[in-house]
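For reference, the chains in residue letters:
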Amino acid sequence: MLSFLPGKMKGVILIILFAINTVFWVTLLLIVSLFRIAVPLKFWYRFTSQISITIADSWITCNNAGLALMHKIEWDVQSSGKLEMNEWYLVVSNHQSWVDIVILQKVLLGKIPFLKFFLKKELIWVPVLGPAWWSLEFPFMKRYPKELLKKKPHLKGKDIEATRKACEKYKTMPVSVMNFMEGTRFTPGKHRAQKSPYINLLKPRAGGISLVMKTMGEQLNKIADVTIYYPEGPGSFWDLLCGNITKITVRINVIPVTDEIRGDYVNDEFFVKKFQEWLNSFWKRKDDFIENELKPERSQSRIA
């Protein structure tokens, strides 16, 4: 533990360590991807995909070790329900900071299959990380503004088709598809602009998760509902690196996927209404849980 160092110095050291670690493992990922493309056979695809996931797990493990070396973080993680490596999961979570991604990777590593996030298509051009996400077959989404769809109606449904194709690949081996249902990080400004009916959350978006469940069919039979809470308030990724985030609370609730939330969200108006009702009720329970169960922990930590 190098806690005696100044916070900003530890942040700089961690950035350097993370950069070296990332370049090393991403280089291996890209090499494996080239071999995967070179031999278009199903067994070879599965074999090289598993190697890629092992490399990604090692990448995350080394990042976690570097963080633990520099900072002492109080982790309060509790799970209700059984987490298994041989199941297909839809992972949903509230979203407050880029730190959320680091938290999800840490608390779920080795407990469920490797997490795959929905990403904006533009992120594929991010140096080093973009090729890594491509190599790991993360689903890249391209959103079309409503104004553009009016001018070019033939683009309607293209983003949905891209999601469907990405999810088709996930049928061959267990995977965890991650979705921040709010679609963006929570801020007071966004909360006011949305006129969100929830105290601690933005409005959830239904299209992405309903399409994943429809595409992956019977394989996707569990939802890992994750609630992330920062007793000291959420901070930036830089705050994490500098040691300004010292307490993190995570609650994981495993719930089954039922026929109630499987259906055609694009064409079936009755299902759309039914799914929206389920989603709003589900999100309200999460909001109440944060307000009534987790916020009191924040108050107690302040008193202490």
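Here, every reference points to the structure presented above.
Described in the following lines is the structure provided in the data block. Model, not experiment: these values are computed from the prediction. (Residues numbered from 1 in each chain as written. Predicted model: local features only at pLDDT ≥ 70, side-chain atom pairs only at ≥ 80, totals over all residues. Heavy atoms only, no water.)

1. Examining the overall build of the chain
Reasoning step 1: When helices and strands are tallied, the chain shows 10 helices and 8 strands.
Reasoning step 2: Per-residue burial for the chain yields a buried fraction of 44% across its 304 residues.
Reasoning step 3: Of all intrachain contacts in the chain linking residues separated by at least 6 positions in sequence, the fraction that spans at least 24 positions is 73%.
Reasoning step 4: As presented, the chain carries roughly 16300 Å² of accessible surface, and 61% of it is formed by carbon and sulfur atoms. (Helix = DSSP H or I, 4+ residues; strand = E, 2+ residues; numbered from the N terminus. Buried < 20%, exposed > 50% of the residue type's maximum accessible area, 1.4 Å probe, protein only. Contact = heavy atoms within 4.5 Å. Areas by Shrake-Rupley, 256 points an atom, 1.4 Å probe, with all protein chains shown as cover.)

2. Some details on the pairing of strand β8 (residues 247-256)
Reasoning step 1: Counted residue by residue, β8 has 7 buried out of 10 residues, so it is predominantly covered.
Reasoning step 2: Where strand β1 (residues 74-80) lies against β8, 7 bridges are found, and the strand directions are parallel. Note on β8: the bridge partner recorded for Gln78 is Arg251.
Reasoning step 3: Of the strand pairs in this sheet, strand β7 (residues 220-229) and β8 are connected by 8 bridges, and their pairing is antiparallel. Within β8, the residue paired with Ala224 across the bridge is Val254. (Pairing = 2+ DSSP bridges.)

3. Considering the pattern of salt bridges
Side chains bearing opposite charge may pair, as long as their charged atoms lie close to each other.
Reasoning step 1: If you walk through the whole model with that rule in mind, you get 6 salt bridges.
Reasoning step 2: One salt bridge connects Glu84 with Lys82, and the closest N-O pair in it is separated by 3.9 Å.
Reasoning step 3: Assessed through its relative accessible area of 58%, Lys82 is described here as exposed.
Reasoning step 4: A salt bridge links Lys295 to Glu291; its shortest N-O distance comes to 3.0 Å. (Salt bridge = Lys/Arg side-chain N within 4 Å of Asp/Glu carboxyl O.)

4. Brief notes about the packing of aromatic side chains
Reasoning step 1: Summed over all chains, the structure comprises 10 aromatic pairs.
Reasoning step 2: Of the aromatic side chains, those joined through ring pairs into one cluster are Phe271, Phe275, Trp278, Phe282 and Trp283.
Reasoning step 3: Just above the ring of Trp75 sits the side chain of Lys106; from NZ or CZ to the centre is 5.2 Å. (Phe/Tyr/Trp six-rings, centres within 6.5 Å; stacked < 30°, edge-to-face > 60°. Lys NZ or Arg CZ within 6 Å of the ring centre and 35° of its normal.)

5. Things to note about the environment of Thr249
Reasoning step 1: One can find Thr249 in strand β8.
Reasoning step 2: Counting along the chain gives 174 residues from Thr249 to Trp75, while the straight-line C-alpha distance between them is 6.2 Å.

6. Focus on the sheet that holds β8
Reasoning step 1: Overall, mixed pairing links the 6 strands, which are arranged β1-β8-β7-β2-β6-β3 in an open sheet. Single-partner strands in this sheet number two, and they are β1 and β3 (115-117). Between one strand axis and the next, the sheet turns by 25° as a mean value, whatever way the strands run.
Reasoning step 2: Where helix α3 (residues 99-108) meets the sheet, its contacts fall on β1, β2 (88-93), β3, β6 (176-180), β7 and β8, and the angle it forms with β3 comes to roughly 160°.
Reasoning step 3: The sheet strands contacting helix α8 (residues 207-216) are β2, β6 and β7, and the helix crosses β2 at an angle near 175°. (Axes fitted to C-alpha atoms, helices over the stretch in contact; angles between N-to-C directions.)

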